[in-house]
Amino acid sequence: MNHRRYLSSYAARMQTRAQARMNKSDDDDDGNGDGDDGGPSTGVVVRSKPKAKKPSMYKVIMLNDDYTPMEFVVMILERFFNKNHEEASHIMLHVHQKGVGVCGVYTYEIAETKVTQVMDLARQHQHPLQCTLEKA
């Protein structure tokens, strides 16, 4: 017997048993409507799962400076933000022309990690590149 058919027949048997118990308790009712026969009463406890709210999102922002080479910024965007060369060049030019640009939007922990990675690599290469995050 395949698994689905077994589960289906099992569910049908359980439903039939539950219905039989309901019918039996209806027959045993003393007519006063409370269903209390002096024994312990039973009930169904319903627990709802708490809904997890979506995490807050943060923008990783790169700031322009006059010293960091454009090709280094493109390399950063490709490496840490998974941008292709065209996207990375577009963001780099936006940062260069406007003074600031968004590299990506992530949860706080991921955004913080990306900022740290960018800043560490920039320092290793002795570039003054600045990168920060702000709530989206």
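It should be noted that the structure appears before, not after, this text.
No experiment lies behind these values; they were computed from the predicted model shown.

Criteria and thresholds
Residues numbered from 1 in each chain as written. Predicted model: local features only at pLDDT ≥ 70, side-chain atom pairs only at ≥ 80, totals over all residues. Heavy atoms only, no water. Phe/Tyr/Trp six-rings, centres within 6.5 Å; stacked < 30°, edge-to-face > 60°. Helix = DSSP H or I, 4+ residues; strand = E, 2+ residues; numbered from the N terminus. Buried < 20%, exposed > 50% of the residue type's maximum accessible area, 1.4 Å probe, protein only. Polar contact = N/O pair within 3.5 Å; in protein donor to acceptor, adjacent residues only side chain to side chain. Contact = heavy atoms within 4.5 Å. Pairing = 2+ DSSP bridges. Axes fitted to C-alpha atoms, helices over the stretch in contact; angles between N-to-C directions. Core = buried A, V, L, I, M, F, W, Y, C linked by side-chain atoms within 4.5 Å. Left-handed = near helix turned anticlockwise from the far one by under 90°. Nonpolar A, V, L, I, M, F, W, Y, C, P; charged D, E, K, R; others polar.

(A) Quick peek at the packing of aromatic side chains. What the rule picks out here adds up to 2 aromatic pairs. Ring centres of Tyr58 and Tyr108 lie 5.1 Å apart, and the angle between their planes is 70°; on these two criteria the pair is classed as edge-to-face. Of this pair, Tyr58 sits in strand E1 (residues 57-63) while Tyr108 is found in helix H4 (residues 108-124), placing the two residues 50 residues apart along the sequence. Tyr58 gets classed as buried once you look at its relative accessible area, which sits at 16%. On the accessibility criterion, Tyr108 (34% relative accessible area) is partly exposed.

(B) Examining unusual backbone geometry more closely. In this structure, Asn82 takes a positive phi of about 55° despite not being glycine. Counting through the fold element by element, Asn82 comes out in the loop between helix H2 (70-81) and helix H3 (85-98). Judged by its relative accessible area of 65%, Asn82 is exposed. For Gln126, which is not glycine, the phi torsion reads 60° and is therefore positive.

(C) Focus on the side chain of Thr68. Along the chain, Thr68 falls in the loop between E1 and H2. A residue is classified by how much of its surface remains accessible, and Thr68, at 11% relative accessible area, is buried. Polar side-chain contacts of Thr68 include one of 3.4 Å to the backbone nitrogen of Leu129. Not counting the four nearest positions on each side in its chain, Thr68 is found in contact with Val73, His127, Pro128 and Leu129.

(D) Structural view of the sheet that holds E1. With antiparallel pairing, 3 strands are arranged side by side in an open sheet as E2-E1-E3. Strands with a single pairing partner mark the edges of an open sheet, and in this sheet they are strand E2 (100-107) and strand E3 (130-135). Adjacent strand axes in the sheet meet at a mean angle of 25°, parallel and antiparallel pairs treated alike. Bridge analysis of E1 against E2 gives 7 bridges, and the strand direction is antiparallel. Its bridge partner being in E2, Ile61 is matched across the sheet by Val102.

(E) Representation of the nonpolar core. One finds Val60, Met62, Ile76, Leu77, Phe81, Val118 and Leu129 to be the most contacted residues of the largest nonpolar core, which totals 24 residues. Ranked by residues supplied to this core, first place goes to H2 with 7 residues. The contact partners of Met62, leaving out residues within four places of it in the chain, are Val73, Ile76, Leu77, Val95, Gly99, Val100, Gly101, Cys103, Val118, Leu129, Gln130 and Cys131.

(F) Seen up close, the packing of H2 against H4. As a packed pair, H2 and H4 sit with axes 11 Å apart at the nearest point and diverge in direction by 145°. Handedness of the H2/H4 crossing: right-handed. Mapping the contact onto sequence places Phe72, Met75, Ile76, Arg79, Phe80 and Phe81 in H2 and Lys114, Gln117, Val118, Leu121 and Ala122 in H4. A class-by-class count of the residues in the contact of H2 with H4 yields 8 nonpolar, 1 polar and 2 charged.

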